[in-house]
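# Observations on chain architecture
So you can see what is in the structure, the chains are spelled out below.
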Amino acid sequence: MSDLAAAVRGSGPVLAAPIVFRLAARLEQVELDEMLEDPATAAFVLRSAQSLFGNPLVVNQFQLGLEVESLDGPLQRDEIGNPTPGGVRDVALSPQVADTPLMSNAVDVAGRLSSELRGTAQVLGVLTGPATLAELRGGSLDGLAEMYAVMARRYAEAGVAGVLLAERPGAMPTQASTTTAATLAELANICRYYSVASIWLAPSTEPPEGPVDVVLGAADVVPADVVRQPPADDAASRWTGRTGLLLTSGELPADADPENVTAWVERLGGISLGTRR
């Protein structure tokens, strides 16, 4: 059983991993557009960040709302990089989203990292969570089930260890649980077929119901802002001694101090897979 598979089942040592994307780009002085448009550059940048921090899990991208952006251009974003909920887009999401340049690039990055980091770290293929996509589309979940299924298959075939459905901090699942479960059902089935973990990161709520392997709610994540500071005993004690998967609530701010990030990874037990005994 892989480290990630054990973690999503709540067994084995904690698998702790701050989410790093824009910070990685800043450290290599690479613009975000280049990260999204050039898979070779993005893979190099994210691989370098993994080497620096010793992170056991690496995301291929963390541009939430990328599925909408791939069809309808840039979204308004806050200072962290999360899409702002204003300005609803009338965008039809469908399986064809997987063939757009931005989403094809994301799969390419996932494949490169899965190959290059084999035995050192595992890769999470990121998709925007249903609550966030609904927020950007006036509450609509139309087309998400089919799009998620195709993207899950693409990611699995690229060699990822897990598919991460990530919500914008502050986004709240508002659909009936039966509707959301149906939206995620085929993605979950495909992930299980390929022995890929399915993870739903919903950091602003109690864990919503869903057919995925694990749902991480507000109590199950480390606030990203906390990792800006050194892991003093009083700050770190809440999350030490855990088992299972432990992610940050979202990606770390681009201006985070790398030394603090490394200290948190070491303090929480998220050593890279290649150094495990």
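Our structure's up above, just so we're on the same page.
Residues numbered from 1 in each chain as written. Predicted model: local features only at pLDDT ≥ 70, side-chain atom pairs only at ≥ 80, totals over all residues. Heavy atoms only, no water.

In this section: the sheet that holds strand S1 (residues 15-19). One open sheet accounts for 3 strands, arranged S1-S8-S7; its pairing is parallel. Pairing within the sheet leaves two strands with one partner each, and these edge strands are S1 and strand S7 (221-222). As paired elements, S1 and strand S8 (residues 245-251) share 4 bridges and run parallel to each other. Considered in S8, the bridge of Leu15 is made with Leu245. (Pairing = 2+ DSSP bridges. Helix = DSSP H or I, 4+ residues; strand = E, 2+ residues; numbered from the N terminus.)

For the rest of this paragraph, the subject is the sheet that holds strand S5 (residues 197-201). Pairing within the open sheet is parallel, and its 5 strands lie in the order S2-S3-S4-S5-S6. Of all strands in the sheet, those with a lone pairing partner are strand S2 (57-59) and strand S6 (214-216), marking the two edges. Pairwise comparison of adjacent strand axes, ignoring direction, gives a mean angle of 30 degrees for this sheet. As judged from the 3 bridges shared by S2 and strand S3 (residues 122-128), these two strands associate in the parallel manner. Bridged to Val59 within S3 is Leu124. Together, S2 and S3 form the strand contacts of helix H6 (residues 101-116), whose direction differs from that of S3 by roughly 165 degrees. (Axes fitted to C-alpha atoms, helices over the stretch in contact; angles between N-to-C directions. Contact = heavy atoms within 4.5 Å.)

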